[in-house]
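Read off the chains here:
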Amino acid sequence: MLETYWQPVWLTLKLASLTTLVLLLVGTPIAWWLTRSRHWLRQPIAAVVALPLVLPPTVLGFYLLLLLGPNGWVGQLTERLGLGLLPFTFEGLVVASVIYSLPFTVQPLQNAFESIREGFLETAATLRAGPWDRFFFVVIPLARNGFITASVLTFAHTIGEFGVILMIGGNIPGETKVLSVAIYDHVESLEYTQAHWLAAGMVAFSFIVLVTLYVLNGRARAGALR
């Protein structure tokens, strides 16, 4: 019984951690390109990145299901590579979560990059620092708060996902049954006590996340004013 109770919690934490890690690796170059580029595709790509903010999760989940399914080109590709189909697997949840949480990583990083003064980069360039040196030793340290905000928001948003997760992963215990799906399952079975404990835990977690972000942002503003 206890193992069944904690299994969705562990699976959710695993999903959120992997999603956050992947998005930091993928979202950082996207955010940097959106900050620095003047290409005409910049605005359309920014709109695509922000699309999950306005799309209903079920719509996004539906099209991902078609794309990753046996008739979709991604599904056909994964089958040819011997990886099988991604829907209703944990790997499929990771792919869906990465796409759905993309703006929660990219936008804080983009805001942090845009706040960096051009003079810092120019000074580093005069000291013969190359593009990679300027990025890793100037940009990343100055954008530290942006990375923290992006990480916390992405992690928290992944934990609260439901619509996309249900569409792509279904409700398979130990494989795709994450916390939000477990709460839905308990309510559907009229097990309100179990649902209450899980839901109350998510409320407490969300509150802690928001307080953490406000504290970090407040310290960042105070440091900027000094």
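Residues numbered from 1 in each chain as written. Predicted model: local features only at pLDDT ≥ 70, side-chain atom pairs only at ≥ 80, totals over all residues. Heavy atoms only, no water.

Attention now goes to a nonpolar patch on the surface. Together, Leu21, Val22, Leu25 and Val26 make up an exposed nonpolar region whose accessible area comes to about 350 Å². By the secondary structure assignment, Val26 is in helix α1 (residues 2-36). We classify Val26 as partly exposed; its relative accessible area is 37%. (Patch = residues over 30% accessible without salt bridge, like charges linked within 9 Å, V, L, I, M, F, W, Y side chains within 5 Å. Areas by Shrake-Rupley, 256 points an atom, 1.4 Å probe, with all protein chains shown as cover. Salt bridge = Lys/Arg side-chain N within 4 Å of Asp/Glu carboxyl O. Helix = DSSP H or I, 4+ residues; strand = E, 2+ residues; numbered from the N terminus. Buried < 20%, exposed > 50% of the residue type's maximum accessible area, 1.4 Å probe, protein only.)

The next point concerns the nonpolar core. Counting residues in each nonpolar core, the largest one holds 28 residues, and the members touching the most others are Leu15, Phe113 and Val178. When residues of this core are traced back to their parent elements, those giving at least two are α1, α5 (90-100), α6 (102-114), α7 (118-126), α8 (131-142) and α9 (144-159). (Core = buried A, V, L, I, M, F, W, Y, C linked by side-chain atoms within 4.5 Å.)

Once that is clear, we can look at the UniProt feature "domain: ABC transmembrane type-1" (unreviewed entry) in the chain. With numbering matched to this structure, UniProt assigns "domain: ABC transmembrane type-1" (unreviewed entry) to residues 9-215. Split by type, residues 9-215 is 79% helix and 0% strand. Its first and last C-alpha atoms lie 26 Å apart. (UniProt positions renumbered as here; feature names shortened; annotations may be inferred.)

This next bit is on the packing of aromatic side chains. Under the criterion given, the structure shown has 9 aromatic pairs. Ring centres 5.9 Å apart and planes at 20° place the aromatic pair Trp132 and Phe136 in the stacked group. Here Phe136 and Trp132 lie together in helix α8, a separation of 4 residues that amounts to about one turn. Given a relative accessible area of 65%, Trp132 falls into the exposed group. Overall, the relative accessible area of 44% leaves Phe136 in the partly exposed class. Aromatic ring contacts, followed pair by pair, group Trp32, Phe113, Trp132, Phe135, Phe136 and Phe147 into a single cluster. If you follow Lys14 out to its NZ or CZ, it ends over the ring of Phe90, 4.7 Å from the centre. (Phe/Tyr/Trp six-rings, centres within 6.5 Å; stacked < 30°, edge-to-face > 60°. Lys NZ or Arg CZ within 6 Å of the ring centre and 35° of its normal.)

With that settled, consider the UniProt feature "transmembrane region" (unreviewed entry) in the chain. Residues given the UniProt feature "transmembrane region" (unreviewed entry) here are residues 15-34, 46-69, 81-102, 135-156 and 195-216. The span residues 15-34 is 100% helix and 0% strand, and its two end C-alpha atoms sit 27 Å from each other.

On to the pattern of salt bridges. Opposite charge on two side chains allows them to pair when their charged atoms are near. Enumeration according to the criterion identifies 3 salt bridges in this entry. Among the ionic pairs, Glu118 bridges to Arg36, the shortest N-O distance being 2.9 Å. In this pair, Glu118 sits in helix α7 while Arg36 sits in helix α1, placing the two residues 82 residues apart along the sequence. On the basis of relative accessibility, which here comes to 40%, the residue Arg36 falls in the partly exposed class.

Further remarks concern the packing of α5 against α6. It is the contact of α5 with α6, at a shortest axis distance of 4 Å, that shows an interaxial angle of 40°. Relative to α6, the element α5 is oriented oblique. Residues Val98, Ile99 and Tyr100 of α5 touch α6, and the partners they reach there are Leu102, Pro103 and Phe104. Split into classes, the residues belonging to the contact of α5 with α6 amount to 6 nonpolar, no polar and no charged. (Axes fitted to C-alpha atoms, helices over the stretch in contact; angles between N-to-C directions. Parallel < 35°, antiparallel > 145°, perpendicular 65-115°, else oblique. Contact = heavy atoms within 4.5 Å. Nonpolar A, V, L, I, M, F, W, Y, C, P; charged D, E, K, R; others polar.)

For Ser97, the location among the structural elements is in helix α5. Residue contacts for Ser97: discarding those within four places in its chain leaves Leu15, Thr19, Leu23, Thr158, Glu161 and Ile165.

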